[in-house]
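Geometric and topological summary
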Amino acid sequence: MSDMSEIPIYSGRPMEITDLKDFEQAIDEVPSGTKVVTIEEARLSLITARKLLIELQSISDNAADLTEELDIILESYDSNHDHVSELADYLASMIQSWHEVVEKLEKSGAKMACLDPGRLEWCGVVDGKLVMYSWSQGEEDIEWYHGINSSFLSRKPLIEA
């Protein structure tokens, strides 16, 4: 039987990036463009990230409605018709707005994990491992995390010492 001190104990306690057990390997696992944050930084960005998520949901709904309208109009008009061009330009501006909002979200450290239902994630460190802090619409605070290569369905509670 092995010594019990060799068995890692995972408490689900958030940590700093410098607390990573295998810093070099863990940093290689960070997805491109992802910012590693502390739980405190994630929580500070949550208010802004929630608003940006709602904005993305609104843009998505409006773009879906506009796409349906374009489909209907294209049944009656040629694709070069002024009204079709106007709607296509408006849809293009929505797509540009989408990219701008996603950029703001990512600058805060958050990533959109799911649009509907709204879910956000932040890359962080728990028990010396790289993880994703996880928040879902309807939750008051970020109280969950999951492995960087796992999903929302495998969330575990954050336990803060």
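1. Concerning the nonpolar core
One broad trend across soluble globular proteins is that nonpolar side chains are buried collectively. Counting 30 residues, the largest nonpolar core has Leu-105, Leu-120, Trp-122, Tyr-133, Trp-135, Ile-142 and Leu-158 as its most contacted members. The greatest single-element share of this core, amounting to 12 residues, is contributed by helix α2 (residues 39-74). Residue contacts for Leu-120: discarding those within four places in its chain leaves Leu-46, Ala-49, Arg-50, Leu-53, Leu-105, Lys-111, Met-112, Ala-113, Tyr-133, Ser-134 and Trp-135. By size, the runner-up hydrophobic cluster in this structure holds 5 residues, among which are Cys-123, Val-125, Leu-130 and Ile-148.

2. Details of the pattern of salt bridges
Here the structure, examined in full by the defined rule, presents 4 salt bridges. For the salt bridge of Arg-43 with Asp-141, the shortest nitrogen-to-oxygen distance reads 3.1 Å. On the criterion of sequence distance, the pair formed by Arg-43 in helix α2 and Asp-141 in the loop between β4 (129-136) and β5 (144-147) is long-range, its members being 98 residues apart. Using a relative accessible area of 23% as the deciding quantity, one classes Arg-43 as partly exposed. Across the pair Lys-111 and Glu-106 runs a salt bridge, and its minimum N-O distance is 3.6 Å. The class for Glu-106 is partly exposed, based on a relative accessible area of 32%.

3. Comments concerning the confidence of the model for the protein chain
In low-pLDDT regions, the fine details of the predicted coordinates are not to be read closely. Overall, the predicted model of the protein chain reaches an average pLDDT of 84, with 79% of residues at or above 70. Here residues 1-11 scores under 50 on pLDDT; set against residues more than four positions off or in separate chains, the count is 6 contacts.

4. Topic: the packing of aromatic side chains
One pass over the full model with this rule turns up 0 aromatic pairs. Over the ring of Phe-152 we find Arg-119; its NZ or CZ atom is 3.7 Å from the centre of that ring.

5. Topic: α2
Structurally, the α-helix is built with 3.6 residues per turn, so residues lying three or four positions apart point the same way. Here α2 spans 49 Å end to end across 36 residues, near enough to the 52 Å set by a 1.5 Å rise per residue. Of all the bends found along α2, the most pronounced is centred on Leu-46 and spans about 45 degrees.

6. Quick look at the packing of α2 against helix α3 (residues 82-107)
Where α2 meets α3, the closest approach of the two axes is 10 Å, and the angle between their N-to-C directions is 160 degrees. Classified by the angle between their axes, α2 and α3 sit roughly antiparallel to one another. Of the two elements, α2 crosses α3, and the hand of that crossing is left-handed. When grouped by side-chain class, the residues that make up the contact of α2 with α3 number 19 nonpolar, 5 polar and 3 charged.

7. Re the environment of Ala-63
Inspection of the secondary structure puts Ala-63 in helix α2. On the accessibility criterion, Ala-63 (18% relative accessible area) is buried. Taking C-alpha positions, Ala-63 is 10.0 Å from Ser-93, a pair spaced 30 residues apart along the chain. Discounting residues that sit within four places of it in the chain, Ala-63 has contacts with Leu-91 and Met-94.

8. A word on the side chain of Glu-121
With respect to the helices and strands, Glu-121 occurs in strand β3 (residues 119-126). Of the side chains with opposite charge, Arg-119 comes closest to the buried, unpaired Glu-121, at an N-O distance of 7.6 Å. Here His-146 takes part through its side chain, which lies 2.6 Å from a polar atom of the side chain of Glu-121. Aside from chain neighbours lying at most four places away, what touches Glu-121 is Gly-109, Ala-110, Lys-111, Ala-113, Met-132, Tyr-133 and His-146.

About the cut-offs
- Residues numbered from 1 in each chain as written.
- Predicted model: local features only at pLDDT ≥ 70, side-chain atom pairs only at ≥ 80, totals over all residues.
- Heavy atoms only, no water.
- Core = buried A, V, L, I, M, F, W, Y, C linked by side-chain atoms within 4.5 Å.
- Buried < 20%, exposed > 50% of the residue type's maximum accessible area, 1.4 Å probe, protein only.
- Helix = DSSP H or I, 4+ residues; strand = E, 2+ residues; numbered from the N terminus.
- Contact = heavy atoms within 4.5 Å.
- Salt bridge = Lys/Arg side-chain N within 4 Å of Asp/Glu carboxyl O.
- pLDDT = per-residue confidence, 0-100.
- Phe/Tyr/Trp six-rings, centres within 6.5 Å; stacked < 30°, edge-to-face > 60°.
- Lys NZ or Arg CZ within 6 Å of the ring centre and 35° of its normal.
- Expected span 1.5 Å × (residues − 1).
- Bend = angle between axes of the 7 residues up to and from the residue.
- Axes fitted to C-alpha atoms, helices over the stretch in contact; angles between N-to-C directions.
- Parallel < 35°, antiparallel > 145°, perpendicular 65-115°, else oblique.
- Left-handed = near helix turned anticlockwise from the far one by under 90°.
- Nonpolar A, V, L, I, M, F, W, Y, C, P; charged D, E, K, R; others polar.
- Lys, Arg positive; Asp, Glu negative; His and termini not counted.
- Polar contact = N/O pair within 3.5 Å; in protein donor to acceptor, adjacent residues only side chain to side chain.

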